[in-house]
Amino acid sequence: MDGNTSAEAPGRLLYGRNPFADVAAQGLSRVGVVDIGSNSVRLVIFDGAARSPAYFYNEKIMCALGAGLGETGKLNPQGRVRALAALRRFQLLAEGCDATPLTAVATAAVRDAEDGPEFVAEVEAATGLEVYVIDGREEARLSAQGVLLGWPGSYGLICDIGGSSMELAEISDGQVGPRETSPLGPLKLADVKGGAKGRRAYIREHVSQLAEVLGNQRNRLFLVGGSWRAIARIDMDRRGYPLHVLHEYRMDAKAVRETASYIASQNPDTLRARCGISSSRMALVPMASEVLLEVVRKFKPRDIAISSYGIREGLLYEQMPQDLRDRDPLIEAARFAERKDARLPGFGAALHEFIEPLFRNDKPERKRLIQAACLLHDVTWRAHPDYRAEVCFDNVTRANLGGLKHSERIFLGLALLHRYRNKREGTQFADLYDLIPKQDQLAAEILGKAMRFGAMLWLDTDAPIGRLKWFPKKKLLELHLSHDASPLFGEVCQSRLNSLANSLDATVELKLS
C-alpha cells in the first residue's frame with residue numbers, strides 16, 4: 001500500500017475493522033494487532049478505555065526474519081518457520097479472545113526480501129491473515145501516531161528502530177510532519193563491511209542523510225523500539241534508578257554517552273541477566289547504541305524520552321475519530337477504571353468537586369492529576385485493608401497509562417496511598433518518594449488526606465455533601481456540611497479532617513446548614 005496518505009481524515013478504515021465504530025462508547029471493542037518485524041513478531045490485543053487502551057494480551061516471538069538479509073536478499077529460513085508457527089498461534093489466540101479479525105502489518109524485512117511476497121502468501125494460506133506490507137515512511141507515520149496516543153499534543157522527533165531499519169518522523173501540534181526511513185537497523189548493520197570503522201562511517205552517512213530531510217531538530221527525541229528500550233533498561237541499571245517503568249523514562253545526551261561506554265565495559269551475559277534482556281536482543285544492543293550516539297550527536301535533542309507506544313498503538317490511533325483523539329488519556333483511563341471497579345461509580349466527580357477549593361490555584365498539569373486521583377480513589381477497594389494503600393501506589397506507578405511522566409506517577413501514587421493511610425513511611429516503596437521534591441510529596445499527602453476525609457461523606461452521587469473553603473493566607477479551613485451529610489460527621493470523620501488540617505498547618509471551623 002502507499003504509505004504517503006497521511007492527509008486523509010482520522011477514522012478511515014485502512015487496516016481492517018474499525019474498533020471505534022461507536023464513538024460515544026468509553027470502552028474499546030477488543031482488537032488484536034500483529035506486528036511482523038525484522039527481529040520479532042508480536043501480537044497485542046487491546047481492551048479497556050478507548051482513549052487509553054490497555055494490553056489485554058501481549059506476546060512476542062524473536063524470529064530474526066531479517067538476519068542475513070543483506071547477504072542473501074531473502075528472509076532468514078529459520079525465522080520464516082518460527083514466524084509462521086507464531087502467526088498460527090496468534091490467530092488461534094485471537095479467536096479465543098474474541099479479537100478477530102487481526103490487523104497484521106509487516107515492515108522492513110518482509111518489504112525488502114525477494115521472498116517477501118511468497119512469505120505473505122504463505123501466511124495467508126496457513127492462517128487466513130491479510131498482511132499489510134508497509135513502506136518505511138508509512139512505518140514512520142504509524143510509529144509517530146503511536147507516540148501521539150500516549151502524549152497528546154506532543155512535539156519533537158520520533159526515532160523508531162527495528163531490526164533492519166530505523167525511521168524518523170517529526171510531530172508537532174498533534175500532527176505528523178516530515179518523515180524518512182533508513183537502513184540503520186542492527187541486523188542490517190551486522191552485514192556492513194569494514195568492521196567497527198566501516199560501520200561507524202555507514203551510520204554517520206545515513207544519519208546525515210536523515211538530517212537533510214528532517215532539518216534542524218532541537219526538541220524532544222522520542223525513542224521507539226525494543227533496542228532503545230533495552231538501552232534504557234541498562235541506563236536504569238547504571239544509575240540505580242528505582243522506578244522500572246520504561247514508558248516516559250528520560251535520558252539526556254550525557255546519559256547516552258555514559259551508557260554506551262557502560263555497555264562496552266560490561267560482560268554482555270552478566271548485563272543482560274541483570275537487566276532482564278533476552279540474549280537475542282542483547283546481541284543487537286551494542287550496534288543500536290552506536291546509532292543512538294550518532295542520532296543524538298547530529299540532532300542535539302533537548303531531552304530524550306522512551307516510548308513504549310509505537311506502530312501497534314499507531315494502528316489504533318490511525319482509526320480514532322478526532323473527538324476521541326482530543327481526550328486526555330489519563331482521565332479517560334481513570335473514568336473507565338472507576339466505572340468498572342469502584343463501589344459507587346460517579347462519586348469520584350462529587351469528591352473532586354468537594355475537595356477542589358484546596359487546589360484552586362494549582363497549575364492545569366497538577367489539576368488533571370487531582371481529577372484522576374478522585375476518579376481512582378476507590379478502585380482498589382477489594383484489596384485487603386492492611387495492604388490497600390500499597391496496592392494503590394503500586395498499581396498507579398507501574399500501570400500502563402499514557403500521558404503520565406514518572407514524577408506524575410509518583411505524585412498520583414502518593415496521593416492514593418494517603419487516601420488509605422496517614423503516613424507514607426514504612427512501605428516498600430520509600431526509595432521512590434524522592435523522585436519528586438518534598439513540596440510535591442506534601443501536596444500529594446494533602447490531596448490524599450482530602451480524599452480520605454471526603455470519602456467519609458459518602459452519599460448518593462447526586463446528593464450535595466457540603467463544601468470546603470480554604471483561606472491559605474489565614475491558614476483557615478472551613479467545612480460547610482449540608483443537612484443530609486451532617487449525620488455522617490462522626491468521630492472517625494473528625495479525626496480525618498484534623499489530619500488534613502495538620503498537613504495544611506491550618507485551623508478548622510465547622511459550619512452546619
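This structure is a prediction, so every number in the text was calculated from the model and none was measured.

Undergrad: Even after reading the chapter, I still don't get the pattern of salt bridges, so can you show me in this structure?
TA: Where charged atoms of side chains with opposite charge meet at close range, the side chains can pair. Applying the stated criterion across every chain, the model contains 33 salt bridges. Across the salt bridge formed by Arg 141 and Glu 318, the nearest N and O atoms sit 2.9 Å from each other. One end of the pair, Arg 141, is in helix 5 (residues 136-150); the other, Glu 318, is in helix 13 (residues 311-319), and 177 residues separate them in sequence. Residue Arg 272 is joined to Asp 269 by a salt bridge in which the shortest nitrogen-to-oxygen separation is 3.8 Å. One end of the pair is Arg 272 and the other is Asp 269, both in helix 10 (residues 268-275) and three residues apart, which spans about a single turn. Taken together, the shared-partner salt bridges in this structure form one network comprising Arg 220, Glu 248, Arg 250, Arg 302 and Asp 303.

Undergrad: Would you mind going over empty space enclosed by the protein with me for this structure?
TA: Any empty space left between atoms is shown by rolling a water-sized probe over those atoms. Enumeration according to the criterion identifies four cavities of 30 Å³ or more in this entry. As a volume, the largest cavity reaches approximately 340 Å³. Forming the boundary of the largest cavity are 29 residues, of which Asp 35, Asp 160, Ile 161, Gly 162 and Arg 312 lie nearest the centre. Elements supplying a minimum of two residues to the lining of the largest cavity: strand 2 (40-48), strand 6 (156-161), helix 8 (226-239) and helix 13. Of the residues assigned to the lining of the largest cavity, the class counts are five nonpolar, 15 polar and nine charged.

Undergrad: Help me understand the nonpolar core in this model?
TA: Soluble globular proteins tend to pack their nonpolar side chains together in the buried interior. Met 166, Trp 228 and Ile 355 are the most contacted members of the largest nonpolar core, which totals 104 residues. If sequence neighbours within four positions are ignored, Met 166 has contacts with Cys 159, Asp 160, Ile 161, Glu 180, Thr 181, Ser 182, Leu 184, Gly 185, Leu 210, Trp 228, Val 291 and Val 295. In terms of nonpolar packing, the next biggest core, distinct from the first, is built from 30 residues, Val 33, Tyr 132, Leu 142 and Val 224 among them.

Undergrad: Any chance you could explain the packing of helix 19 (residues 406-420) against helix 21 (residues 438-454) here in plain terms?
TA: To describe two helices that pack against each other, one gives the angle between their axes and the distance between the axes. Close contact between helix 19 and helix 21 brings their axes to 7 Å; oriented N to C, the two are set at 40°. In terms of orientation, helix 19 lies oblique with respect to helix 21. Relative to helix 21, the crossing made by helix 19 is right-handed. In this structure, helix 19 uses Phe 411, Leu 414, Ala 415, Leu 416, His 418, Arg 419 and Tyr 420 to contact helix 21, whose residues at the interface are Asp 440, Gln 441, Ala 443, Ala 444, Glu 445, Leu 447, Gly 448, Lys 449, Met 451 and Arg 452. Residues that form the contact of helix 19 with helix 21 fall into these classes: nine nonpolar, three polar and five charged.

Undergrad: Looking at this structure, I do not really get the layout of surface pockets. What am I missing?
TA: Of the volumes computed, that of the largest pocket is approximately 560 Å³. In this structure, the largest pocket is lined by 27 residues; those nearest its centre are Arg 42, Arg 229, Arg 233, Leu 246 and Ser 308. For the lining of the largest pocket, the secondary structure elements donating two or more residues are strand 2, strand 3 (53-62), helix 8 and helix 13. Taken together, the residues of the lining of the largest pocket sort by class into 10 nonpolar, eight polar and nine charged. There is about 470 Å³ of room inside the second largest pocket. Surrounding the second largest pocket, 21 residues form its lining, Ala 333, Ala 337, Leu 376, Ala 399 and Leu 401 being those nearest its centre. Looking at the lining of the second largest pocket, the elements that each hand over two or more residues are helix 15 (329-341) and helix 18 (388-398). With seven residues, helix 15 is the largest single contributor of residues to the lining of the second largest pocket. Across the lining of the second largest pocket, the residue classes tally to 14 nonpolar, five polar and two charged.

Parameters at a glance
- Each chain has its residues counted from 1, following the order in which its sequence is written.
- Only residues with pLDDT of at least 70 are given local features in this predicted model, and only at 80 or more are side-chain atom pairs given and counted; all residues enter the totals for whole chains, interfaces and linings.
- For side-chain calculations, the full set of non-hydrogen atoms in the structure is used, while hydrogens and water are omitted.
- Whenever Lys or Arg places a side-chain nitrogen within 4 Å of a carboxyl oxygen from Asp or Glu, that contact is recorded as a salt bridge.
- Secondary structure is summarised from DSSP: a helix means a run of H or I of at least four residues, a strand means a run of E of at least two, and numbering begins at the N terminus for each.
- Using protein atoms alone on a 1 Å grid, points that fit a 1.4 Å probe yet trap it form a cavity, whereas open point sets bounded by protein on both sides within 12 Å along at least five of seven lines form a pocket; residues with an atom within 4 Å of a point count as lining.
- Grid points are joined across faces, edges and corners, and a volume is the space filled by probe spheres set on the points.
- Residues are grouped as follows: Ala, Val, Leu, Ile, Met, Phe, Trp, Tyr, Cys and Pro are nonpolar; Asp, Glu, Lys and Arg are charged; all remaining types, including Gly, are polar.
- Only buried residues count toward a nonpolar core. Its members are Ala, Val, Leu, Ile, Met, Phe, Trp, Tyr and Cys residues joined through side-chain atoms within 4.5 Å.
- Throughout this description, buried means an accessible area under 20% of the type-specific maximum (1.4 Å probe, protein chains only), exposed means over 50%, and partly exposed covers the range between.
- The contact rule is simple, with two residues in contact once any of their heavy atoms fall within 4.5 Å.
- Each axis is a line fitted through C-alpha atoms, and for a helix only the stretch in contact is used; angles between axes span 0 to 180 degrees, taken between their N-to-C directions.
- Orientation categories follow fixed angle ranges, with anything under 35 degrees roughly parallel, anything over 145 roughly antiparallel, 65 to 115 roughly perpendicular, and all other angles oblique.
- Rotating anticlockwise by less than a right angle from the far helix to the near helix defines a left-handed crossing, while the corresponding clockwise rotation defines a right-handed one.

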